[in-house]
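What follows is each chain in one-letter form.
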Amino acid sequence: MNKLEHIGIAVKNLEESNRLFSRLLGTDPYKTEIVEREGVKTSFFKVGDIKIELLEATHSDSPIARFIEKKGEGVHHLAFDVQPIEEKMENLKSEGFGLLADTPKPGADNKKIVFLHPKTTNSVLVELCQDRG
Ligand code: ZN
């Protein structure tokens, strides 16, 4: 892993949470983006080298809606920058980690992303991401 790229936080209401995190972090989100395939509306804040990604479900079947239903709002995933992502996926697979997809998918913030199975990572949802360039 190159570095912790961002921390994803599941929220019920993105607008309210944007205001909350703007006050908390002292900076406004630099982008808001809908990723229809993932069923999420996201916003991103920069804090030093790290980003905070807020995620709101766009429909009740979204993974974020199901997460909030089970666990409530809060930290949802840790995302690590990796390069190249396909190679890292192979490495981790051979180390016994489960992947939630066989190929990386387009994610928010111009990334290719894939998630590791939380069963294999102490229940921490880990995202691998690589800039799409
Ligand atoms: Zn993420």
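Reading the values: rules and limits
Residues numbered from 1 in each chain as written. Predicted model: local features only at pLDDT ≥ 70, side-chain atom pairs only at ≥ 80, totals over all residues. Heavy atoms only, no water. Salt bridge = Lys/Arg side-chain N within 4 Å of Asp/Glu carboxyl O. Helix = DSSP H or I, 4+ residues; strand = E, 2+ residues; numbered from the N terminus. Buried < 20%, exposed > 50% of the residue type's maximum accessible area, 1.4 Å probe, protein only. Donors = N, O, S within 2.8 Å, 3.2 Å for Na, K, Ca; no water. Tetrahedral: all angles 85-135°; square planar, octahedral: opposite > 155°, others 65-115°. Phe/Tyr/Trp six-rings, centres within 6.5 Å; stacked < 30°, edge-to-face > 60°.

Trainee: Could you give an account of the pattern of salt bridges, with specific residues and numbers?
Mentor: Per the counting criterion, the structure on display carries nine salt bridges. Here Lys-112 ties to Glu-86 by a salt bridge, and the two come within 3.1 Å at their closest N and O atoms. Here Lys-112 is found in strand S7 (residues 111–115), whereas its partner Glu-86 is found in helix H3 (residues 85–94), with 26 residues between them in sequence. Classification of Lys-112 as partly exposed rests on a relative accessible area of 25%. The network of salt bridges with shared partners includes Glu-5, Lys-31, Glu-33, Lys-51, Asp-109, Lys-111 and Asp-131.

Trainee: Residues and numbers for the coordination of the zinc ion, please.
Mentor: Six octahedral donors around a metal ideally sit at 90 or 180 degrees from one another, while four tetrahedral donors ideally sit at 109.5 degrees. Only His-6 (NE2), Glu-53 (OE), His-77 (NE2) and Glu-127 (OE) from the protein reach the zinc ion as donors, at distances of 2.1 to 2.2 Å. One can describe the donor arrangement at the zinc ion as irregular, given that its four donor atoms subtend angles of 82 to 163° at the metal. Between consecutive donor residues of the zinc ion, the sequence gaps follow H-x46-E-x23-H-x49-E. Of the two residues, His-6 is situated in strand S1 (residues 3–10) and Glu-127 in strand S8 (residues 126–131); the sequence distance between them amounts to 121 residues. The same class applies to His-6 and to Glu-127, which are both buried.

Trainee: Which residues make up unusual backbone geometry, and what values go with them?
Mentor: A cis amide bond links Gln-83 with the next residue in sequence, Pro-84, at an omega value of -10°. Positionally, Pro-84 belongs in the loop between strand S5 (74–81) and H3. For Asp-109, which is not glycine, the phi dihedral falls at a positive 60°. Examined against the element boundaries, Asp-109 turns out to sit in the loop between strand S6 (105–107) and S7. Residue Asp-109 is classed as buried on the basis of its relative accessible area, which comes to 9%. The phi angle at Ser-123 is positive, at roughly 70°, despite the residue not being glycine.

Trainee: Quick one: what's the story with the packing of aromatic side chains, residue by residue and with numbers?
Mentor: This structure, assessed with the given rule, holds two aromatic pairs. Plain terms: the ring middles of Phe-21 and Phe-45 are 6.3 Å apart, the flat faces sit at 45° to each other, and that makes the pair tilted. You can see Phe-21 sitting in helix H1 (residues 14–25) and its partner Phe-45 sitting in strand S3 (residues 40–47), a full 24 residues away along the chain. Phe-45 shares its class with Phe-21; the two are buried. Between Tyr-30 and Phe-44, the ring centres sit 6.2 Å apart and the planes meet at 45°, which makes this aromatic pair tilted. Taken together, the residues span a long stretch of sequence, with Tyr-30 in the loop between H1 and strand S2 (31–35) and Phe-44 in strand S3 at a distance of 14 residues. Using a relative accessible area of 34% as the deciding quantity, one classes Tyr-30 as partly exposed.

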